[in-house]
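Results of the structural survey
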Amino acid sequence: MELHNHGQSAVAEAHTHDHHHDEHEHHEDGFIRKYIFSEDHKTIAKQFLILGLMWAFMGGAMSVIFRLQLGFPDFNLEWLRPILGTWINETGKLEQEKYLALVTMHGTIMVFFVLTAGLSGTFSNFLIPLQVGARDMASGFMNMLSFWFFFLASVVMFTSLFLETGPASGGWVIYPPLSALPEAVPGSGAGMTYWLISMALFIVSSLLGGINYITTVINMRTKGLSFARLPLTIWAFFLTAIIGLLSFPVLFAAALLLIFDRSMGTSFFLSDIYIGGKALHHQGGSAILFQHLFWFLGHPEVYIVLLPALGITSEIIATNARKPIFGYRAMVGSMIGIGVLSFIVWAHHMFVTGMNPFLGTIFMLLTLIIAVPSAVKAFNYITTLWKGNIIFTPAMLFSIGLVSLFISGGVTGIVLGNNALDIQLHDTYFVVAHFHLVMGSASFFGMMAGVYHWFPKMFGRMMDDKLGYVHFWLTFIGVYLVFFPMHYIGIAGFPRRYYSFSTFDFGKSYADLNMFISAAAIITFSAQALFAFNFVYSIFRGRLAPLNPWDSNTLEWTTPRVPGHGNWPGAIPTVHRWPYDYSKPDADKDGFTDFIPQHIPFSQTPNSNFEHENDLIAKQEGKKNSGDNEHKHH
Amino acid sequence: MLTVIFGLIGILILGVFLLLFRVQSLVTILRDTDERGGLSNRINGALMLLVPLIGFIVAVYHYPIAAKHFLPEASSIHGKETDSLFWITLTVITLMFLITNAGLFWFAFKYQYKAGRKVVFFADDHKLELIWTAVPAVIMTVLVLYGALVWNRAMMQEPPKDVQVVEVMGKQFAWQVRYPGKDGKLGKYDFRLTNDATGNEFGIDFEDKNSEDDFIPREIHIPVNKPVLLKIRARDVLHSVFMPHFRVKMDAVPGMPTQFMFTPTKTTTDMRSQLGNPNFNYELACTEVCGKGHFAMRYLIVVDDEPDYKKWLAEQKPFLEEKPEFKGKGMKSLRKKNVAANEEIKTKKDI
Ligand code: HEM
Ligand SMILES: [Cu+2]
Ligand SMILES: [Cu+2]
């Protein structure tokens, strides 16, 4: 490789010579401590990733099943009986209640298990210590617990699929009274209990993880790594963790009150109900209260899944455009803005619930304000590409795809956020199209981008990039083919969570389009097999990864190919600059190519320094004398 | 349909072949020729231009075909206003969508890797950032103001005195409708009076004189060009009243009555001739998931002109006429019955 980084290889060599000791090899941890109950953030990250990916395939498969029902309502599903059992009725069709169960499980799995745990859990865990220059998370033990609580939550949710009355079926938002009354839908019996237990465990997992991420970012940054020099990934994970910490407890409270209503006869959310031939005793509760509580988490949750994806994208786009991210401060500022605003827009999900219409106007105003920082982010990504020198790695492709999907899904948010328009569009396929693009697909693309980009650091091997390209293009085209036409279906008024559209005259018009969407969904889902194969194959057989395969600036690429426990065999590198010194003018005169990693001091780059950076040299030299973790280059 | 299935299978098989091919090449070659900007980069760069371009052309071509099935122009006053706001907003966001995506993909194509390209170290520009904070902010402000105006007109009007009231009640899995009768006043109800076995599905309190002329029809009939006030409730779980042609939607919540007022502007007959579809009907659907039959809660709405509506009204018989046994029964008699029942239990226990 002609373009390798001088500083980089020198560091690596120095390490192999005078390493303190590679804990990985010296004191044996035993299989269980090393791979199962590991406290190492990298192992935990991989555990989150693998469990998250398994859930992604399950959630995707569920969507294929209910898409079959929607696109090919006459198709005989008898062949699915071996998997679905009695969920298929005598006529070979999907049981109506089980359709709802599938939709509910699909939504829950995708939002919480895949895109919260699988995305944020994986990359926060993996990247925070590596990019802030820490040996591990603040508390390895709590971090381990965080994964195992997620694992337990997964087991409980998975078990609920096999209950005789079926899993929860009231939608992923589990609005009572439907979710409180087993008489209303069988899934609200044991299935809902399992759902609530699982989510309670999941919330514990999130909180344990979040506290760790926040503490680590605040307290364990290496020398020189001020907040203003944090990679945008870390900013994103940090803000995400704070949002989660503030919002998940509210969901916990809602779930708890729902548990009380379900099993102790309280009336927090229930009132005036006649069902199954009986008037229930509940009075004075408010079903709307639950929705307020739910969306107080539910909306921030959208950003909990999106911000990490945006952070990952920022990093990957800058690296592969060989250009600094445009508007670093604006990026941080807009993330903070989005984070704060995400707490005061929740009632835009409730414009037509009977909430006071005046409140609706306030929430429309707040909602449309959030469009501004989001737009700023999109513009900044695009400007980062401008006059760059773009290398299309699979990660870069997925990042560019993310930006496109983020815009496409984002603009329809301007429609839905407008309460006057939401009257018609609320709970139609327009909403399904909107959130699948902006939150589902965009975050999923962020996750894929992250996997392709950091795979070499996770497993020490490279994924095959040709397969990655094919995977990207099939997925990118597929996602647009699936979700773009759903806008039309929504404009035509089709409501969501419908088992079939043939009962209504106004719903009969799009049989062809529905068939097309289902076919596209099946193809898109199948294309993920390319990824699965590439992923598994490369773990064992992939080409050995170079130390810094993408010529990137951040600290994780200064570790050995497969970093051991403690991440750096020697001292932790000191940070001297921000992470986006790509293609700095005159870097070649300092002996660098088109990137200068974060651990290179300004004193070593006298030609390419800007004026204010030259001023910093004296300060850094001072530090060097007092500290021992400075590295020599050449 | 079969062809689609076969097509899918074909594609799957293709995928498998592709996989096999790759396995082969992965096993045999241990490549280390990771040059920047090789052939793959150029192909990806070209696709960055081609794919969105083809997508755009297909979308433009397909749009009129898809748009044929959009709902007809709104049949209500506020609906016409939300419709124009919708199409204006859609125009604005389509422009935003096209401009930003064009920029994204054009730059991706144009600035694909070339050895020796001079990259501009462009990290900040306050003026630019100010512009693209201000422009969306202005656009949003306009849309918010316009939206608030339309919303207030649609949702925050005081009902006029002569408004036609219709009570719509959601239950699993059907809509039921009650009219106030000649006095224009709906009688009271209480969920404890509900009893499907005896036939009081609404839980109407017949001690309230206003209930006596209330009637329960099989379809909603409403007069054209007159405001209609829907009094909406649910008796078991959440439902949501959705009348797509009128752009009406409001949740039905157990324990919390809601309402929605609108003015229909076209009779059913008008719509039939306008659409050239003699079978056209206005429909009421449910848009809040409520269980198994959620997708099938269909109810018919008929918009009549004044004479037809009067005629229809005259044909309707009060509920009490069909079920005279309910006369005078309400909360007081229920309480009495309950007290008596409790006494009985008590005395039994005492014995
Ligand atoms: C293979 C790709 C996917 C397809 C084809 C798909 C399709 C669908 C469809 C058609 C629905 C609506 C079903 C109905 O309302 O009857 C739905 C619901 C939903 N999907 Fe997806 N989806 C996919 C991936 C995702 C992803 C990645 C997410 C992550 C955010 C996601 C989140 C949801 C949620 C939250 C719901 C709502 C569930 C509910 O109504 O309770 N989906 N999906
Ligand atoms: Cu929201
Ligand atoms: Cu319903």
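Residues numbered from 1 in each chain as written. Chains lettered and ligands numbered in written order. Predicted model: local features only at pLDDT ≥ 70, side-chain atom pairs only at ≥ 80, totals over all residues. Heavy atoms only, no water.

1. Thoughts on the pattern of salt bridges
Within this structure, the stated rule accounts for 25 salt bridges over all chains. We note a salt bridge from A:Asp505 to A:Lys508, for which the minimum N-O separation is 3.6 Å. Look at A:Lys508 and you get partly exposed, because its relative accessible area is 48%. The partner of B:Glu283 in a salt bridge is B:Arg298, with the nearest N and O atoms 2.5 Å apart. (Salt bridge = Lys/Arg side-chain N within 4 Å of Asp/Glu carboxyl O. Buried < 20%, exposed > 50% of the residue type's maximum accessible area, 1.4 Å probe, protein only.)

2. As for the domain arrangement of chain A
We note that the domain assignment places domain 1 (392-413 + 422-540) and domain 2 (570-633) within chain A. Summarising the inter-unit geometry, the C-alpha centres of domain 1 of chain A and domain 2 of chain A are found 41 Å apart. (Domains from an automatic or database assignment.)

3. Overview of the interface of chain A and chain B
Counting from both sides, the interface comprises 131 residues of chain A and, opposite them, 115 residues of chain B. When the buried area of chain A at its contact with chain B is split by residue, A:Tyr274, A:Ile423 and A:Arg543 rank highest and sum to 7% of it. In this structure, the connection of chain A to chain B is made through three salt bridges. Its salt-bridge partner being B:Glu288, residue A:Arg497 comes within 3.9 Å of it at the nearest N-O pair. Applying the counting rule to chain A against chain B returns 29 residue pairs in polar contact (both at pLDDT 80 or more). Here the element with the most residues in the side of chain A that touches chain B is helix α12 (residues 357-385) of chain A; it accounts for 16 residues. The residue inventory of the side of chain A that touches chain B, partitioned by class, reads 83 nonpolar, 29 polar and 19 charged. (Contact = heavy atoms within 4.5 Å. Buried area = accessible area lost by both parts, 1.4 Å probe. Polar contact = N/O pair within 3.5 Å; in protein donor to acceptor, adjacent residues only side chain to side chain. Helix = DSSP H or I, 4+ residues; strand = E, 2+ residues; numbered from the N terminus. Nonpolar A, V, L, I, M, F, W, Y, C, P; charged D, E, K, R; others polar.)

4. What to know about a nonpolar patch on the surface
Residues and elements named next belong to chain B. A cluster of nonpolar residues, Leu53, Phe56, Ile57, Val60 and Leu98, forms a patch on the protein surface that exposes about 450 Å² of accessible area. If one sorts the elements of the nonpolar patch by residue count, helix α2 (residues 39-67) sits on top with four residues. By the element assignment, Ile57 lies in helix α2. Among the residues examined, Ile57 registers a relative accessible area of 54% and is labelled exposed. (Patch = residues over 30% accessible without salt bridge, like charges linked within 9 Å, V, L, I, M, F, W, Y side chains within 5 Å. Areas by Shrake-Rupley, 256 points an atom, 1.4 Å probe, with all protein chains shown as cover.)

5. Focus: the side chain of A:Lys377
Positionally, A:Lys377 belongs in helix α12. If we skip the residues at most four places from it in the chain, A:Lys377 touches A:Leu310, A:Met331, A:Ser334, A:Met335 and A:Ile338.

6. Describing the sheet that holds strand β3 (residues 220-223) of chain B
Residue and element names in this part refer to chain B. Pairing in this open sheet of five strands is mixed, and the strands run β3-β9-β8-β5-β6 from one edge to the other. Edge positions in the sheet fall to β3 and β6 (248-252), since each has one partner strand and no second. Each strand of the sheet is rotated relative to its neighbour by a mean of 25°, with strand direction disregarded. With three bridges connecting them, strand β8 (residues 282-286) and strand β9 (residues 299-304) associate as antiparallel partners. Opposite Glu283, over in β9, you have Leu300 as the bridge partner. Most of the contacts of helix α6 (residues 306-315) go to β3, to which it runs at about 140°, and overall it touches β3 and β9. (Pairing = 2+ DSSP bridges. Axes fitted to C-alpha atoms, helices over the stretch in contact; angles between N-to-C directions.)

7. A closer look at the site of ligand 1
Residues and elements named next belong to chain A. In the neighbourhood of ligand 1, 23 residues make up the surrounding shell, with Tyr99, His106, Trp172, His436 and Arg497 lying closest. At 2.5 Å, a side-chain N or O of Tyr99 approaches an oxygen atom of ligand 1. For ligand 1, a nitrogen atom lies 2.8 Å from a polar atom in the side chain of His106. When atom positions are compared with the pocket grids, ligand 1 is found to occupy the largest cavity. The element that contributes the greatest number of residues to the shell around ligand 1 is helix α6 (residues 96-132), accounting for seven residues. Looking at the shell around ligand 1 residue by residue, the classes come out as 14 nonpolar, six polar and three charged. (Near = heavy atom within 4 Å. 1 Å grid on protein atoms, 1.4 Å probe; cavity = no way out; pocket = protein on both sides within 12 Å on 5 of 7 lines; lining within 4 Å. Sits in = over half its atoms within 2 Å of the grid points.)

8. Some points on the coordination of the copper ion (ligand 3)
The reference angle at a metal is 109.5 degrees if four donors form a tetrahedron and 90 or 180 degrees if six donors form an octahedron. Residues and elements named next belong to chain B. Distances from the copper ion (ligand 3) to its protein donors, namely Cys286 (SG), Glu288 (O), Cys290 (SG) and His294 (ND1), fall within the range 2.1 to 2.6 Å. Angles of 88 to 131° at the metal separate the four donor atoms of the copper ion (ligand 3), which places the site in the tetrahedral class. Donor residues for the copper ion (ligand 3) sit on one chain with the sequence pattern C-x1-E-x1-C-x3-H. Residue Cys286 is classed as buried on the basis of its relative accessible area of 0%. (Donors = N, O, S within 2.8 Å, 3.2 Å for Na, K, Ca; no water. Tetrahedral: all angles 85-135°; square planar, octahedral: opposite > 155°, others 65-115°.)

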